[in-house]
Amino acid sequence: MAKGTLNKVILIGRLGADPELRFTPNGAAVASFNMATNESYKDKEGKPVDQTDWHRIVAWRKLAEICGQYLKKGSLVYIEGKLKTRSYDDKEGVKRYVTEIVADNMQMLDSRKDSSGGGSMPAMSSQGGSSEPVGSGGADDDLPF
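Attention in this report is confined to the structure presented alongside it. Position numbers for residues count from 1 along each chain, tracking the sequence in the order it is written. A pLDDT threshold of at least 70 governs which residues receive local features in this predicted model, and a stricter bar of 80 or more applies before side-chain atom pairs are shown or counted, although totals over entire chains, interfaces and linings include all residues. Based on all heavy atoms of the structure, the side-chain values leave hydrogens and waters out of the count.

### A closer look at the pairing of strand β6 (residues 95–108)
Two strands qualify as a pair provided DSSP detects at least 2 bridges between them. The way it works is that DSSP assigns letters per residue, a run of H or I at least four long becomes a helix, a run of E at least two long becomes a strand, and they are numbered from the N terminus. Two strands pair when backbone bridges link them, and strand β4 (residues 48–60) and β6 are joined in this way by 2 bridges, in the parallel orientation. In the strand pairing of β6, Val-58 is matched with Val-102. As paired elements, strand β5 (residues 76–89) and β6 share 13 bridges and run antiparallel to each other. Residue Ser-87 lies in a different strand from β6, and its bridge partner there is Tyr-97.

Shown next, in the form of structure tokens:
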């Protein structure tokens, strides 16, 4: 990591649709989906206002396959990743820009009522393995939050 810089995004929200899972020509899995986050506040008159923001999420390789298999429209998920902006030329030749969150980690937060074990799926990392769920032990146990 370059000294003094950080590109990290953490979101908790719900999927707007089932993930789209596809494969690159060399066989790498890519999952993409939209995720909504909500914020509630009171305006100047004290009336409640709900605001929804939509985020485009992209996952690669094993994490993409897991997202495609387990996530569904409405799923509540924790996503950790980084912002990436890319450009492309549309059908009319106009350059377009897209900002996405490239997911490094994902954890399902919904309870799995249909599974025999209950609970939620373990946190999954783009490095291909399971990582410890938040608060499950490890070096950060002495943190006050």
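Let us keep going from here.
### Things to note about the environment of Phe-23
As for its position among the elements, Phe-23 is in strand β2 (residues 20–23). With 42 residues separating them in the primary sequence, Phe-23 and Glu-65 have C-alpha atoms 9.8 Å apart. For Phe-23, the contacting residues outside a window of four places in its chain are Ala-28, Ala-29 and Glu-65. The criterion used for residue contact is that any of the two residues' heavy atoms lie within 4.5 Å.

### Some details on the side chain of Ser-32
Structurally, the position occupied by Ser-32 is in strand β3 (residues 29–42). A polar side-chain atom of Ser-32 sits 3.1 Å from a polar atom in the side chain of Arg-56. Those residues within four positions of Ser-32 in sequence are excluded, and the remaining contacts are Pro-19, Glu-20, Arg-22, Arg-56, Ile-57 and Val-58. A 3.5 Å cut-off defines polar contacts: any pair of N or O atoms within that distance qualifies, except that in protein one atom must be a possible hydrogen donor and the other a possible acceptor, and neighbouring residues in sequence count only when both atoms are side-chain atoms.

### A short note on unusual backbone geometry
The phi dihedral of Arg-61 is positive, around 55°, even though this residue is not glycine. By the secondary structure assignment, Arg-61 is in helix α1 (residues 61–70). Given a relative accessible area of 53%, Arg-61 falls into the exposed group. With a 1.4 Å probe rolled over the protein chains alone, any residue whose accessible area is under 20% of its type maximum counts as buried; one over 50% counts as exposed, and the rest are partly exposed.

### Some details on the nonpolar core
Counting residues in hydrophobic clusters, the biggest one holds 20 residues, and the most contacted among them are Phe-33, Ile-57, Cys-67, Leu-71, Val-77, Ile-79 and Met-106. Looking at this core, the elements that each hand over two or more residues are β1 (9–15), β3, β4, α1, β5 and β6. Look past the residues within four positions of Cys-67 in its chain and what remains in contact with it is Pro-19, Ala-31, Phe-33, Ala-59 and Met-106. Only buried residues count toward a nonpolar core, which is a set of Ala, Val, Leu, Ile, Met, Phe, Trp, Tyr and Cys residues joined through side-chain atoms within 4.5 Å.

### Description of the pattern of salt bridges
Every case where a carboxyl oxygen of Asp or Glu lies within 4 Å of a side-chain nitrogen of Lys or Arg is listed as a salt bridge. This model, assessed by the stated rule, comprises 6 salt bridges. Glu-80 is the partner of Lys-8 in a salt bridge, and the nearest nitrogen-oxygen pair spans 2.9 Å. You can see Lys-8 sitting in the segment before β1 and its partner Glu-80 sitting in strand β5, a full 72 residues away along the chain. On the accessibility criterion, Glu-80 (16% relative accessible area) is buried. For the salt bridge of Asp-90 with Arg-96, the shortest nitrogen-to-oxygen distance reads 3.0 Å. Given the relative accessible area of 17%, Asp-90 is considered buried.

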